[in-house]
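# Summary of structural features
Read off the chains here:
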Amino acid sequence: MTWGDFSTFVVSPWIYGFNPGIELPGYHIEVTMPFMVGRLIKDEEEVEFITKKRSETYKGGILDLMSGVDLSWNQLAGEIPPEIGHLMATHALNLSHNQLSGPIPETFSNLKQIESLDLSRNRLSGEIPPQLTELNFLSVFNVSHNNLSGVLPDMMKGQFGTFGETSYEGNPLLFGPPLKSCFSTSPLPPSIPTTSGDEDDGYDIIFYACFSVSCTMSFLLFIALLYINRYWRGLFFYFVDACIYSCYYFALDNYYFALDNLRKVFTRPRA
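Everything quoted here is computed from the prediction, not taken from an experiment.

### Things to note about the confidence of the model for the protein chain
Confidence in the prediction of the protein chain, expressed as mean pLDDT, is 77, and 73% of residues score 70 or more. The low-confidence segment residues 1-42, where pLDDT is below 50, has 100 contacts with residues more than four positions distant or belonging to other chains. Throughout residues 182-189 the model reports pLDDT below 50, and contacts reaching past four residues in sequence, or to other chains, amount to twelve contacts.

Structure (structure tokens):
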């Protein structure tokens, strides 16, 4: 389908099989197989196909291997019909730059062959369906500049580990990797469980208790050895006496030395 000026977004059940005509209120759009464009395609006529943010021109038999829906840059409003999820052979779906609202249909997880999904620049709300991680061929995903919220799909599953921050920007209520941070009005992501303050206090008490018991046991063992062995007891008290006398005379010598220097300062004759 080509760009136009549509005020409503109604998909006929015929779209499942890419029927040659889709009726919209007040409009008629011609569709061709296997690629939806706004006019009939001749065998040798070139067709512009936009996917993965690239515009390429194709013609001939290669068109039999391509299918896509491009309804971007219109004035489509309302919710996205979940029936679009039944276009299982679609390789590219572009609904960007419209006024679509409501959630992203979970039926999009049925688009097993899709490689490019662009839903940016709309008014979509709600969470990104986690079922989209089942799209193993998805290489371009863009839901930027909407009103989406909640946690981003698990980056460890499927292709979602390859999408950067630009795929989600403009949604202030989204959080989780690869987004760097969220605003204060955003819900906080689940935090990794950490040790609480009570548990830390418990570990400290255990540590200090074990340390005190170890020191007490070591001191009692030392006293017992001195009590049993008379020779060691004598050496210990001799060592203690030597330390006491050394400290005493060291302090006494320094006291008299400082006192003598002060006496010389105060008794020095003035010039």
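We are not done yet, so read on.
### A few points about the pairing of strand β8 (residues 99-102)
Here β8 shows a buried face lined by Leu100 and Gly102 and an unburied face lined by Gln99 and Ser101. As judged from the three bridges shared by strand β6 (residues 77-79) and β8, these two strands associate in the parallel manner. Across the sheet, the residue bridging to Glu79 is Ser101, located in β8. As defined by bridge partners, β8 adjoins strand β10 (residues 123-126) across two bridges and the pair is classed as parallel. When the bridges of β10 are listed, Gly102 appears paired with Leu124.

### Notes on unusual backbone geometry
Cis rather than trans, the peptide bond between Pro177 and Pro178 has omega equal to 10 degrees. Considering the arrangement of structural elements, one finds Pro178 in the loop between β13 (173-175) and α1 (197-228). At His97, a position not held by glycine, the phi torsion is positive, near 55 degrees. Structurally, His97 can be placed in the loop between β7 (92-94) and β8. For Arg121, which is not a glycine, the phi torsion comes out positive at approximately 60 degrees. On the secondary structure map, Arg121 appears in the loop between β9 (116-118) and β10. For Arg121, a relative accessible area of 41% gives the class partly exposed.

### Some details on the nonpolar core
Among the nonpolar cores identified, the biggest contains 29 residues, and Leu93, Phe108, Leu119, Ile128, Phe141 and Tyr168 are the most heavily contacted of them. With residues near it in sequence (within four places) discarded, Leu93 still touches Val69, Ile84, Phe108, Leu111, Ile114, Ser116, Leu117 and Asp118.

### A closer look at the environment of His86
Within the secondary structure layout, His86 lies in the loop between β6 and β7. For His86, a relative accessible area of 36% puts it in the partly exposed group. Considering only alpha carbons, one finds His86 and Phe108, 22 residues apart in sequence, at a separation of 7.9 Å.

### Details of the packing of aromatic side chains
Applying the stated criterion across every chain yields a total of eleven aromatic pairs. When the centroid spacing of 5.3 Å and the interplanar angle of 75 degrees are considered together, the rings of Phe222 and Phe236 count as edge-to-face. Here Phe236 lies in helix α2 (residues 230-267) and Phe222 lies in helix α1, a separation of 14 residues in the sequence. Classification of Phe222 by relative accessible area gives partly exposed; the value is 37%. The exposure class assigned to Phe236 is partly exposed, which follows from its relative accessible area of 30%. Following the ring pairs from residue to residue traces out a cluster consisting of Phe141, Phe160, Phe163 and Tyr168.

### Thoughts on the sheet that holds β7
Ordered by their spatial adjacency, four strands build an open sheet running β5-β7-β9-β11, and the pairing between neighbours is parallel. Two strands lie at the open edges of the sheet, namely β5 (68-70) and β11 (140-142), each paired on one side alone. Direction aside, neighbouring strands of the sheet carry axes that sit 10 degrees apart on average. Bridging between β7 and β9 involves three bridges; their strand directions are parallel. Bridge pairing in β9 links Ala92 to Ser116.

### Thoughts on the sheet that holds β13
In space, the five strands of this open sheet follow the order β6-β8-β10-β12-β13, with parallel pairing throughout. Looking at the sheet topology across the chains shown, the edges are occupied by β6 and β13. On average, each strand axis in the sheet is inclined to that of its neighbour by 25 degrees, with strand direction left out of account.

Basis of the calculations
Residues numbered from 1 in each chain as written. Predicted model: local features only at pLDDT ≥ 70, side-chain atom pairs only at ≥ 80, totals over all residues. Heavy atoms only, no water. pLDDT = per-residue confidence, 0-100. Contact = heavy atoms within 4.5 Å. Buried < 20%, exposed > 50% of the residue type's maximum accessible area, 1.4 Å probe, protein only. Helix = DSSP H or I, 4+ residues; strand = E, 2+ residues; numbered from the N terminus. Pairing = 2+ DSSP bridges. Core = buried A, V, L, I, M, F, W, Y, C linked by side-chain atoms within 4.5 Å. Phe/Tyr/Trp six-rings, centres within 6.5 Å; stacked < 30°, edge-to-face > 60°. Axes fitted to C-alpha atoms, helices over the stretch in contact; angles between N-to-C directions.

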